[in-house]
Amino acid sequence: MTLNILHLYPKEMNLYGDHGNVLALKRRCEWRGIDTKVYAYEPGDEIPDDIDIIFGGGGQDSGQSKIEEDLMKIAPKLKAMVEDGMPTLVICGVYQLFGKYFHTHEDKMIDGIDVMNLYTEAGPTRLIGNITIESPQFGEIVGYENHSGLTYIENKDAAFGKVVVGAGNNGTDGTEGMIYKNCIGTYLHGPILPKNPKVADYIIEKAIERKTGEKANLAPLDDTIEERAHKVSASRPR
Ligand code: GLN
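Q: Honestly, the side chain of Asn 4 in this entry has me stumped. Any pointers?
A: Topologically, Asn 4 is positioned in strand β1 (residues 2-8). The contacts of Asn 4, once residues within four sequence positions are left out, are Lys 37, Tyr 39, Asp 50, Ile 51, Asp 52, Ile 53 and Lys 211.

Q: Whenever I open this one, the site of the ligand confuses me. Can you help?
A: Close to the ligand lie 16 residues; Gly 59, Asp 61, Gln 64, Cys 92 and Gly 149 are nearest. One of the side-chain nitrogen or oxygen atoms of Arg 126 is found 3.0 Å away from an oxygen atom of the ligand. At 2.9 Å from a nitrogen atom of the ligand is found a main-chain nitrogen or oxygen belonging to Asn 146. Protein chains bury 99% of the 300 Å² of accessible surface belonging to the ligand in isolation. Along the lines of polarity and charge, the residues of the shell around the ligand split into 3 nonpolar, 11 polar and 2 charged.

Q: Got a minute to help me understand the pairing of strand β3 (residues 53-56) in this structure?
A: The side chains of a regular strand alternate, residue by residue, between the two faces of the sheet. Of the two faces of β3, the one carrying Ile 53 and Phe 55 and the one carrying Ile 54 and Gly 56 are both buried. Pairing geometry for β1 and β3, over 4 bridges, is parallel. In the strand pairing of β3, His 7 is matched with Phe 55. Sheet topology places β3 next to strand β4 (residues 88-91); 3 bridges connect them, and they run parallel. Bridge pairing in β4 places Phe 55 opposite Leu 89.

Q: What's the story with the side chain of Glu 176 in this structure? I'm lost.
A: With respect to the helices, strands and loops of the structure, Glu 176 is situated in strand β10 (residues 175-176). Despite its burial, Glu 176 pairs with no opposite charge; the closest candidate is Arg 238, at 9.8 Å N-O. At 2.8 Å, the side chain of Glu 176 and the backbone nitrogen of Tyr 187 are in polar contact.

Q: In this structure, what is going on with the environment of Thr 125? I would like to understand it.
A: With respect to the helices, strands and loops of the structure, Thr 125 is situated in strand β7 (residues 118-135). Judged by its relative accessible area of 51%, Thr 125 is exposed. In this structure the C-alpha to C-alpha distance between Thr 125 and Ala 207, which are 82 residues apart in sequence, comes to 38 Å. In contact with Thr 125, not counting residues within four places along its chain, are His 147 and Ser 148.

Q: Would you mind going over helix α1 (residues 19-30) with me for this structure?
A: One turn of an α-helix holds 3.6 residues; hence residues three or four places apart share an orientation. Counted at 1.5 Å a residue, the expected span for α1 with its 12 residues is 16 Å, and the 17 Å between its end C-alpha atoms agrees. Regarding α1, the residues found buried are Gly 20, Asn 21, Val 22, Ala 24, Leu 25, Arg 28 and Cys 29.

Q: Looking at this model, I keep getting lost on the packing of aromatic side chains. Mind explaining?
A: One pass over the structure, following the stated rule, counts 7 aromatic pairs. Considering the side-chain rings of Tyr 16 and Tyr 144, the 5.1 Å spacing of their centres and the 70° angle between planes classify their relative orientation as edge-to-face. Separated by 128 residues along the polypeptide, Tyr 16 in the loop between β1 and α1 and Tyr 144 in strand β8 (residues 139-153) bring together distant segments of the chain.

Q: Honestly, the packing of α1 against helix α5 (residues 197-212) in this entry has me stumped. Any pointers?
A: Packing of α1 against α5 leaves a shortest axis separation of 10 Å and a crossing angle of 70°. Accordingly, the angle class assigned to the pair α1 and α5 is roughly perpendicular. Side by side, α1 and α5 meet where Leu 25, Arg 28 and Cys 29 of the first sit next to Pro 197, Ala 200, Asp 201, Ile 203 and Ile 204 of the second. Broken down by class, the residue content of the contact of α1 with α5 amounts to 6 nonpolar, no polar and 2 charged.

Q: Where do I start with the state of the cysteines in this structure?
A: Here is the idea: a disulfide is a covalent bond, and it sits between the sulfur atoms of two cysteines. Following the criterion strictly, the structure yields 0 disulfides and no others. Not part of a disulfide, Cys 183 finds its nearest cysteine sulfur in Cys 92, a span of 14 Å. Looking at Cys 183, the relative accessible area reads 0%, which means it is buried.

The rules we used
- Residues numbered from 1 in each chain as written.
- Predicted model: local features only at pLDDT ≥ 70, side-chain atom pairs only at ≥ 80, totals over all residues.
- Heavy atoms only, no water.
- Helix = DSSP H or I, 4+ residues; strand = E, 2+ residues; numbered from the N terminus.
- Contact = heavy atoms within 4.5 Å.
- Near = heavy atom within 4 Å.
- Polar contact = N/O pair within 3.5 Å; in protein donor to acceptor, adjacent residues only side chain to side chain.
- Areas by Shrake-Rupley, 256 points an atom, 1.4 Å probe, with all protein chains shown as cover.
- Nonpolar A, V, L, I, M, F, W, Y, C, P; charged D, E, K, R; others polar.
- Buried < 20%, exposed > 50% of the residue type's maximum accessible area, 1.4 Å probe, protein only.
- Pairing = 2+ DSSP bridges.
- Lys, Arg positive; Asp, Glu negative; His and termini not counted.
- Salt bridge = Lys/Arg side-chain N within 4 Å of Asp/Glu carboxyl O.
- Expected span 1.5 Å × (residues − 1).
- Phe/Tyr/Trp six-rings, centres within 6.5 Å; stacked < 30°, edge-to-face > 60°.
- Axes fitted to C-alpha atoms, helices over the stretch in contact; angles between N-to-C directions.
- Parallel < 35°, antiparallel > 145°, perpendicular 65-115°, else oblique.
- Disulfide = S-S within 2.5 Å.

Right, dumping it as structure tokens:
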């Protein structure tokens with residue numbers, strides 16, 4: 001079996017090692033004998049029909065402006081895929097643009113594609129530092145955040161997790177990220193998947209189940225190094 005990964009805008013949307021998430025997905029598949037093919041999607045490209053996982057990373061406001069127009073063009077396709085249960089991970093810049101809009105510090109409105117019920121307003125200061133959250137589904141998750149955008153999710157129960165250390169969606173309501181169907185949106189860079197392997201395996205499992213229609217029984221991996229990376233990250237001061 002080959003899992004096809006769509007990597008949205010790797011040139012503009014790739015901060016703080018976000019590309020490492022694609023490598024983690026690839027490797028964790030390969031270690032289990034599952035092939036992967038990564039499609040680096042840039043403005044103007046075609047989205048292949050047989051995608052199994054979507055990934056999009058973070059980016060500067062200027063980068064988000066650059067992809068805005070193209071993202072609108074592919075919005076119907078992306079929306080249909082997410083609605084159909086496509087395992088999707090979007091970080092920071094692309095997470096914001098999966099919502100209704102991002103109103104930047106320069107008073108620019110960048111339209112989102114409204115896949116997730118949220119909106120983002122730039123705040124007075126950047127929210128920067130190591131972050132730990134507690135997710136009902138995955139337990140403790142660690143990462144790094146750096147954003148000016150304050151994101152407000154309509155349904156707080158749909159948060160990816162509760163902030164333990166750090167700011168998360170907006171620094172005030174204690175929520176971090178959002179899950180809609182199999183789409184996870186989060187501010188966590190780092191990258192998130194290598195040191196939170198449960199999240200990586202969830203995405204792989206959902207992709208296999210969606211592709212085959214059967215339950216995926218992923219072979220367990222030796223995650224000693226991943227767990228060590230997680231612990232070190234969690235112990236770092238903000
Ligand atoms: N440019 C956005 C912000 O500052 C997203 C930043 C990011 O992706 N790290 O809020």
